[in-house]
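Here's the letter readout for the chains.
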Amino acid sequence: MTTSEITIRPLTVADLDRFLALGGPAYGPPGRDFLATAAEDHYRPHWTWVAERDGQIVARAAWWGAPDDEHPIALDWFDLGGASDRVAIGAQLLRAASEQVRTESGSFPEYHLFLPADWHDRPDVRQAVDERTDAAGQAGLRPFVERLRIEWVAASGLPATDDRLTFAPAVGDAELLDVLERVNVGTLDAYARRDIERHGPADAAHIQLDDMAWMPAPRAWWRLAYTSEGALVGVVMPSRNYESFVVAYIGVVPEQRGRGYVGGLLAKATAFLAGEGAERVLADTDTGNRPMAAAFERAGYRVTARRIVMT
């Protein structure tokens, strides 16, 4: 597609390395090697778009998916060059790509903007955020939530266990769906709240379960937590995504909240993943979910990055 002096196109297998030709600050996922990730089929040429002017790359965007996915899950690499009209170019790039880059449901994928943990205190990064979110807004995306990237490393030591809890594998879908629906009552998680509002509590639990099952780690890792008397406390899902060990999900049922149990669930997940060889464990939580963020901090996890999500 050509408009004025800007040419917008997806890359090809032969020129995928041109994605790296754009100068200036890069705002992709922390520590990710683009070409190595593309070689594993997470980025694909028809999901990777550039804007060119006079043969030079002036903006770029890449959508990510799992190797077996037919459709991308998220736009997680979007950079603007140094042109004075870079915001307009970025918006034009996203609008052009949106005609072809769609999720399985036919919607435009979310935009995940990965940022340093201290980005609010850095004027240069705030400008980069404003420009990218402005371009994405002009292409039809809207702010949804800001999330914390939280990390545990083995050198921190394992968090203390909670002797009040016992754990059992979470096996059947029916049981898990019931627990997820109970945990979602009063949840502070933006995704869960949105799904409940859109689809109702039961379908929201199904969406969560599908999201967790999508990860390549075994479901046999998931655990339900109980008191010594056998009362359900909650669920924790240690897992692994395509790059790292993760605490994919953790939640306490409403009647057990306020008793400090979330720390025991988190300790169980961390110890389990360490036993699987994890030297580092990642987790995400919304900036508005302060109780969960505090629980991670008490367990020795530290905020290492932030992520703005636009939908």
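Each remark here, short or long, concerns the structure printed above.
Residues numbered from 1 in each chain as written. Predicted model: local features only at pLDDT ≥ 70, side-chain atom pairs only at ≥ 80, totals over all residues. Heavy atoms only, no water.

**Q** I'd like to hear about the packing of aromatic side chains, residue by residue, with values.
**A** In this structure the tally under the stated criterion is 14 aromatic pairs. Note on Tyr43 and Trp77: the rings are 6.1 Å apart at their centroids and 70 degrees apart in plane angle, and the pair reads as edge-to-face. Note that Tyr43 is positioned in the loop between α1 (34–39) and β3 (48–53) and Trp77 in strand β5 (residues 74–80), a separation of 34 residues in sequence. Here Tyr43 matches Trp77 in class, with each residue buried. With 5.4 Å between their ring centres and 65 degrees between their planes, Trp221 and Phe272 make a pair best called edge-to-face. Of this pair, Trp221 sits in the loop between α6 (201–213) and β9 (223–227) while Phe272 sits in helix α7 (residues 261–275); the two residues are 51 residues apart in sequence, bridging distant segments of the chain. Taken as a pair, Trp221 and Phe272 share a single burial class, namely buried. (Phe/Tyr/Trp six-rings, centres within 6.5 Å; stacked < 30°, edge-to-face > 60°. Helix = DSSP H or I, 4+ residues; strand = E, 2+ residues; numbered from the N terminus. Buried < 20%, exposed > 50% of the residue type's maximum accessible area, 1.4 Å probe, protein only.)

**Q** I'd like to hear about the packing of helix α5 (residues 190–199) against α6, residue by residue, with values.
**A** Direction vectors running N to C along α5 and α6 enclose 135 degrees, while the axes themselves pass 7 Å from each other. In this view, α5 runs oblique relative to α6, as classed from their interaxial angle. Between α5 and α6 lies a crossing of right-handed hand. Facing Ala192, Asp195, Ile196 and His199 of α5, the residues of α6 in contact are Pro201, Asp203, Ala204, Ile207 and Gln208. Taken together, the residues that form the contact of α5 with α6 break down as five nonpolar, two polar and two charged. (Axes fitted to C-alpha atoms, helices over the stretch in contact; angles between N-to-C directions. Parallel < 35°, antiparallel > 145°, perpendicular 65-115°, else oblique. Left-handed = near helix turned anticlockwise from the far one by under 90°. Contact = heavy atoms within 4.5 Å. Nonpolar A, V, L, I, M, F, W, Y, C, P; charged D, E, K, R; others polar.)

**Q** I'd like to hear about the side chain of Thr227, residue by residue, with values.
**A** Along the chain, the position of Thr227 falls in strand β9. Since its relative accessible area comes to 7%, Thr227 is described here as buried. Every residue in contact with Thr227, bar those within four places of it in the chain, is listed here: Arg164, Thr166, Val233, Gln256 and Tyr261.

**Q** Give me the lowdown on unusual backbone geometry, citing residues and values where you can.
**A** A positive phi angle, close to 75 degrees, is found at Asp41, a residue other than glycine. Of note in the backbone geometry, Asp54 takes a positive phi value of approximately 55 degrees without being a glycine. Locating Asp54 in the fold gives a position in the loop between β3 and β4 (56–64). For Asp54, a relative accessible area of 69% gives the class exposed.

**Q** Could you give an account of the nonpolar core, naming the residues involved and the relevant values?
**A** Ranked by internal contacts, the top residues of the largest apolar core, which has 45 residues, are Val247 and Tyr301. Counting residues per element, this core draws most heavily on α7, which supplies seven residues. Discounting chain neighbours no more than four positions away, the residues touching Val247 are Val236, Met237, Leu266, Ala269, Leu273, Val281, Leu282, Ala283 and Tyr301. Grouped together as the second largest cluster of nonpolar side chains are 36 residues, Ala59, Phe108, Trp119 and Ala128 included. (Core = buried A, V, L, I, M, F, W, Y, C linked by side-chain atoms within 4.5 Å.)

**Q** An account of the environment of Ala205 is requested, with residue identities and associated values reported.
**A** In this structure, Ala205 sits in helix α6. The buried category is assigned to Ala205, whose relative accessible area is 1%. Spatially, the C-alpha atom of Ala205 lies 36 Å from that of Pro10, the residues being 195 residues apart in sequence.

**Q** Outline helix α3 (residues 123–138), listing residues and values.
**A** Taking 1.5 Å of rise per residue, 16 residues should cover 22 Å, and α3 covers 22 Å from first to last C-alpha, within 8% of that figure. Among the residues of α3, those classed as buried are Val125, Ala128, Val129, Glu131, Arg132, Ala135 and Ala136. One side of α3 holds all its buried residues, which, seen down the axis, span an arc of 165 degrees. Its buried side turned inward, α3 meets β5, α2 (86–98), β6 (110–116) and β13 (302–310). Just beyond α3, the residue with positive phi is Gly140, at close to 105 degrees. (Expected span 1.5 Å × (residues − 1). Arc of directions from axis to C-beta.)

**Q** Explain the side chain of Thr187 residue by residue, including any values.
**A** Turning to its location among the elements, Thr187 is positioned in the loop between α4 (173–183) and α5. If we ignore the near neighbours within four places in the chain, the residues touching Thr187 are Ala192, Arg193 and Ile196.

**Q** Any chance you could break down the environment of Trp63 for me, citing the residues and the numbers?
**A** Within the secondary structure, Trp63 sits in strand β4. A residue is classified by how much of its surface remains accessible, and Trp63, at 0% relative accessible area, is buried. In this structure the C-alpha to C-alpha distance between Trp63 and Ser239, which are 176 residues apart in sequence, comes to 23 Å. In this structure, Trp63 is in contact with His42, Tyr43, Trp47, Trp49, Pro72, Ala74, Leu75, Leu94, Ala97, Val101, Phe108 and Pro109, ignoring residues within four places of it in sequence.

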